[in-house]
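Chains, contacts and geometry: an overview
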Amino acid sequence: MKITTFDPMIISSKAEDIIELFGELGFKKTHAPVTSVEAGDFPSYRMKDENGFHVDVADAKQVERDMTFIRMNVDDFEDAYNILTAHGFKNTKGDRIIDTKSAKAATLASPSGFIIVLVKHIKK
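Each residue is numbered by its place in its chain's sequence as written, counting from 1. Where totals are concerned, whole chains, interfaces and linings use all residues; where local detail is concerned, this predicted model gives features only for residues with pLDDT of at least 70, and gives and counts side-chain atom pairs only at 80 or more. Only hydrogens and water are set aside; all other atoms, that is, all heavy atoms of the structure, feed into the side-chain values.

1. Some remarks on helix 1 (residues 15-24)
The test is simple: Under the scheme applied here, a residue whose accessible area is under 20% of the maximum for its type counts as buried, over 50% as exposed, and between as partly exposed, the area being computed with a 1.4 Å probe on protein chains only. Numbering of helices and strands runs from the N terminus, with a helix taken as a DSSP run of H or I at least four residues long and a strand as a DSSP run of E at least two residues long. This arc corresponds to the set of directions leading from the helix axis out to the C-beta atoms.
All of the buried residues along helix 1 are A15, I18, I19 and F22. The buried residues of helix 1 occupy an angular sector of 100° when projected down its axis, which confines them to one face. Looking one or two places after helix 1, you find G26, whose phi comes out positive at around 105°.

In structure tokens form, the structure reads like this:
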């Protein structure tokens, strides 16, 4: 299993404010996918600075307070999922995996409370 991306992800109902802040810090939007799930569409924004650092900002109007996760993209979702769960991580949605046309994802919480959003992009 290879990790292809590893960076912070901020989920907020005020994504525009966070995007503006990181813009002033030198980050520029490089990608803006929309993930569709039962609860609705969630736009997100990948931002990068001139040093190659990334931050992802997800726009989720229903959250009351900002949350920060670690986003980890991998080339083998099942292997990474098994490694994390073997170390006590729990899927925050039970056994549910988000499976869209472009990605497979799960949100996993560690025994101590930090959260990893595990993603594998599906390439056609």
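2. Overview of the nonpolar core
Heads up, the rule is: We call a set of buried residues a nonpolar core when its members are Ala, Val, Leu, Ile, Met, Phe, Trp, Tyr or Cys and they connect through side-chain atoms within 4.5 Å of each other. Only heavy atoms matter for contacts: two residues are in contact if any of them lie within 4.5 Å across the pair.
Among the nonpolar cores identified, the biggest contains 13 residues, and M9, I11, A60, F69, V117 and V119 are the most heavily contacted of them. Those residues within four positions of I11 in sequence are excluded, and the remaining contacts are A58, A60, V63, R65, D66, M67 and F69. In this structure, M72, V74, L84 and A106 belong to the second largest nonpolar core, which totals 11 residues.

3. Concerning the pattern of salt bridges
Stated formally: We count a salt bridge whenever a side-chain nitrogen from Lys or Arg sits within 4 Å of a carboxyl oxygen from Asp or Glu.
Per the counting criterion, the structure on display carries six salt bridges. When the shortest N-O distance is used, the salt bridge between R46 and D56 registers 2.8 Å. Taken together, the residues span a long stretch of sequence, with R46 in strand 4 (residues 40-48) and D56 in strand 5 (residues 54-59) at a distance of 10 residues. A salt bridge links R71 to D56; its shortest N-O distance comes to 3.2 Å. One end of the pair, R71, is in strand 6 (residues 67-74); the other, D56, is in strand 5, with 15 residues separating them in the sequence. Each member of the pair R71 and D56 is classed as buried.

4. Observations concerning the pairing of strand 10 (residues 115-121)
Rules: Two strands make a pair as long as DSSP finds a minimum of two bridges between them.
With five of seven residues buried, strand 10 lies mostly within the body of the structure. The pairing of strand 6 with strand 10 spans four bridges and is parallel. Residue pairing across strands places R71 opposite V117, the latter belonging to strand 10. For strand 9 (residues 103-109) and strand 10, the ladder comprises seven bridges, and the chain directions are antiparallel. In the strand pairing of strand 10, L108 is matched with I116.

5. Details of helix 2 (residues 77-86)
What counts is decided by this rule: Think of a polar contact as two N or O atoms within 3.5 Å of one another; within protein, one of them needs to be a possible hydrogen donor and the other a possible acceptor, and neighboring residues in sequence only count if both atoms come from side chains.
Listed in full, the buried residues belonging to helix 2 are F77, A80, Y81 and L84. Taken down its axis, helix 2 places every buried residue within 100° of arc, on the same side. In this structure, the buried residues of helix 2 make contact with strand 6, strand 7 (90-91), strand 9 and strand 10. Put simply, D76 is the residue that caps the front of helix 2, since its side-chain oxygen is 3.4 Å from the backbone nitrogen of E78. Just downstream of helix 2 lies G88, where phi reads positive at about 95°.

6. Side note on the packing of aromatic side chains
To keep it simple, the criterion reads: For Phe, Tyr and Trp, where Trp contributes only its six-membered ring, two rings pair if their centres lie within 6.5 Å, and the inter-plane angle classes them as stacked under 30 degrees, edge-to-face over 60, or tilted in between.
Going through the model one piece at a time under the given rule, you end up with three aromatic pairs. Centre to centre, the rings of F89 and F114 are 5.4 Å apart; their planes meet at 85°, and the pair counts as edge-to-face. Note that F89 is positioned in the loop between helix 2 and strand 7 and F114 in the loop between strand 9 and strand 10, a separation of 25 residues in sequence. Residue F89 is classed as buried on the basis of its relative accessible area, which comes to 9%. Accessibility expressed as a relative area gives 39% for F114, which makes it partly exposed.

These figures come from the coordinates and say nothing about function on their own.
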